[in-house]
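# Chains, contacts and geometry: an overview
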Amino acid sequence: MIPVSFDYVEATSVEHALALFAEHDDSKFLAGGHSLVPMMKLRLVSSSVLIDIGRITELSYIEDRGDHIAVGALTRHREVEGSSLLAEHLGLLAHVAGQVGDPQVRNRGTLGGSLVHGDPAADLPSAALALGASMVITGAGGTRVVPAAEFFVNFLETAVGDGELLTEIRFPKRTGDGWAYQKFNRRAMDYAIVAVAVQLGQNPGIALVNMGSTPHFASAASAALAAGSPASAVADVVVEGTEAWNDANATREYREHLARVLTIRALAQTGYTS
Amino acid sequence: MSTVSVSVTVNGELRTHEVEPRVLLVHYLRDVLRLTGTHVGCDTSNCGACTVILDGAAVKSCTVLAVQARGGEITTIEGLAAPGEPFSAVQQGFHQEHGLQCGFCTPGMIMACTALLGENPDPTEHEIRHALEGNLCRCTGYQMIVNSVRWAAEHPDGIVPESSDAASSAPSTQGAGS
Ligand SMILES: Cc1cc2nc3c(=O)[nH]c(=O)nc-3n(C[C@H](O)[C@H](O)[C@H](O)COP(=O)(O)OP(=O)(O)OC[C@H]3O[C@@H](n4cnc5c(N)ncnc54)[C@H](O)[C@@H]3O)c2cc1C
Ligand code: FES
Ligand code: FES
């Protein structure tokens, strides 16, 4: 499988990438390429020009900013997984990065690429939602910050508009708070059939993977957590607002069942007691 | 069609070619450099047969464009030991512990295992299995592969101890089955 022909240009900075986008019609940004290249090989996606942002080193960092940690969009899953700073303050994020695909995928894929791709079956969007992250988006018109809860707008569609770049993701610190990630799949490297991310603490959050057309923040269940409801009561409302679909892996009913069971397991894992 | 100039160091040798941007790294290695040890198993990023080491990290070369490797250092299976030279520890491990049957997955498996031991020279069985999640083998059932990596971890210079000559003709099945 070989992609349709395209031209290739390499961006050396954020400004350069934006300028290249303005210059070239029908262009796309290429980060780690681990969603884009497979789709181009299948010819589900084509583009006249790929603008390689994968070498913009100024967008690869994990920085302590006091009350939050800022992660550059081009930071690879692998670096997120292995970061001791994240392990200390944002255990959920580091752990979830380690659940993506396999080591080869994690060596190439980037946090920003995974979020902008916006796949409801992807792992990292659920961590961003459960952790209440903020997304920094830069375009020709300047920079804006969008909360994770407003970021995923449709199937494979996010708040990042044409020609805009996701540059940074800010995660409020969750030092010492409990968290858990329960991913259900059948083979080690697969995407989740359903997964549940749970973050306890001051602003508790529960997010679901593969329960509809976008990564899903479970607002009712998160509110139940904040109110200190028993785990079973949290699980009872966790699928509220979801629109899971039927596919070869699971029916909608089975997905809903999984979401409840995985929520109970995740809460048990954190030691949560109402 | 536009091409770009790609310079990469492959197995220690600097190579420069004009390639189309859509050329995948695996096709560059196999078709342009004629390094056919790197296999294409699935072409859908799943099987790991195409694994090579790019700048110290294992990657699936069917999912990387050759241009993305520009300026990089690549090691393929051919780069582990020159013809006539002794095997690397991982290659010797596969030989000693029968880590292969048909051999199709083996180049990718060996590169993934080599990357693993580079980061973690003494992995547990669990760590080995976790690190090989991206490599499929349709023959061995994996146990012999795990044994091969353990052999390499225990013999980092790849030298077969003299006393185990007998064992090498009747490979150890320690840890297998059960
Ligand atoms: C075999 C395999 C298994 C996988 N398994 C999993 C899994 O289990 N769980 C999981 O979550 N993911 C999985 N993935 C996907 C992986 O995590 C990808 O790395 C990720 O989805 C995309 O990141 P990328 O950097 O490769 O982005 P790319 O593929 O380069 O880009 C993806 C899209 O985002 C856009 N984009 C990228 N970065 C930016 C940016 N900074 N600003 C604006 N637009 C941008 C691109 O234009 C493109 O449209 C798997 C991938 C493979 C190949
Ligand atoms: S050929 Fe690359 S992963 Fe199978
Ligand atoms: S030895 Fe045949 S696929 Fe692994």
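Conventions adopted
- Residues numbered from 1 in each chain as written.
- Chains lettered and ligands numbered in written order.
- Predicted model: local features only at pLDDT ≥ 70, side-chain atom pairs only at ≥ 80, totals over all residues.
- Heavy atoms only, no water.
- Domains from an automatic or database assignment.
- Contact = heavy atoms within 4.5 Å.
- Buried area = accessible area lost by both parts, 1.4 Å probe.
- Salt bridge = Lys/Arg side-chain N within 4 Å of Asp/Glu carboxyl O.
- Polar contact = N/O pair within 3.5 Å; in protein donor to acceptor, adjacent residues only side chain to side chain.
- Pairing = 2+ DSSP bridges.
- Helix = DSSP H or I, 4+ residues; strand = E, 2+ residues; numbered from the N terminus.
- Axes fitted to C-alpha atoms, helices over the stretch in contact; angles between N-to-C directions.
- Buried < 20%, exposed > 50% of the residue type's maximum accessible area, 1.4 Å probe, protein only.

Now for the domain arrangement of chain B. All names here are of chain B. Domain annotation for chain B reports domain 1 (4–79) and domain 2 (89–164). Placing a centre on the C-alpha atoms of domain 1 and another on those of domain 2 gives a separation of 22 Å. Domain 1 puts 16 residues into the contact, and the matching count from domain 2 is 13 residues. Carbon and sulfur atoms make up 66% of the area that domain 1 and domain 2 hide from each other, which totals about 1,100 Å². Taken together, the connections running from domain 1 to domain 2 amount to zero salt bridges. Between the two partners, domain 1 and domain 2, sit five residue pairs in polar contact (both at pLDDT 80 or more).

Residue and element names in this part refer to chain B. Read across the open sheet, the five strands follow the order S2-S1-S5-S3-S4; overall the sheet is mixed. What marks the edges here is a single partner per strand, and that holds for strand S2 (13–19) and strand S4 (57–60). Taken over all neighbouring pairs, the strand axes of this sheet differ in orientation by 40° on average, direction set aside. Strand direction decides the pairing type here: strand S3 (residues 51–54) and strand S5 (residues 73–75), joined by two bridges, are antiparallel. Across the sheet, Ile53 pairs through a bridge with Thr75, a residue of S5. Contacts from helix H1 (residues 25–32) reach strand S1 (4–10), S2, S3 and S5, with the element oriented near 105° to S2. Running over the sheet, helix H3 (residues 106–119) touches S3, S4 and S5 and is turned about 35° from S3.

Right, let's get into the environment of Arg252 of chain A. Residue and element names in this part refer to chain A. Residue placement: Arg252 occurs in helix H11 (residues 252–270). For the pair Arg252 and Met211, spaced 41 residues apart in the sequence, the C-alpha separation amounts to 8.3 Å. Ignoring any residue separated from it by four or fewer positions in sequence, one finds Arg252 in contact with Thr242, Glu243, Ala244, Trp245 and Asn246.

The subject of this paragraph is the pattern of salt bridges. Enumeration over the complete set of coordinates arrives at 19 salt bridges over all chains. Between Arg55 of chain A and Glu10 of chain A there is a salt bridge, with the nearest N and O atoms lying 4.0 Å from each other. Residue Arg55 of chain A is found in the loop between strand S3 (49–52) and strand S4 (62–64), and its partner Glu10 of chain A is found in strand S1 (residues 7–10); the two are separated by 45 residues along the sequence. Exposure remark for Arg55 of chain A: the relative accessible area of 30% places this residue in the partly exposed category. Between Asp43 of chain B and Lys41 of chain A there is a salt bridge, with the nearest N and O atoms lying 2.8 Å from each other. With Asp43 of chain B in the loop between H1 and S3 and Lys41 of chain A in helix H2 (residues 36–41), the pair connects residues from two separate chains. By relative accessible area, Asp43 of chain B is classed as buried at 12%. Of the residues examined, Lys41 of chain A reaches a relative accessible area of 3% and is grouped as buried. It is possible to trace a salt-bridge network through shared partners that takes in Glu63, Arg65, Glu168 and Arg170 of chain A.

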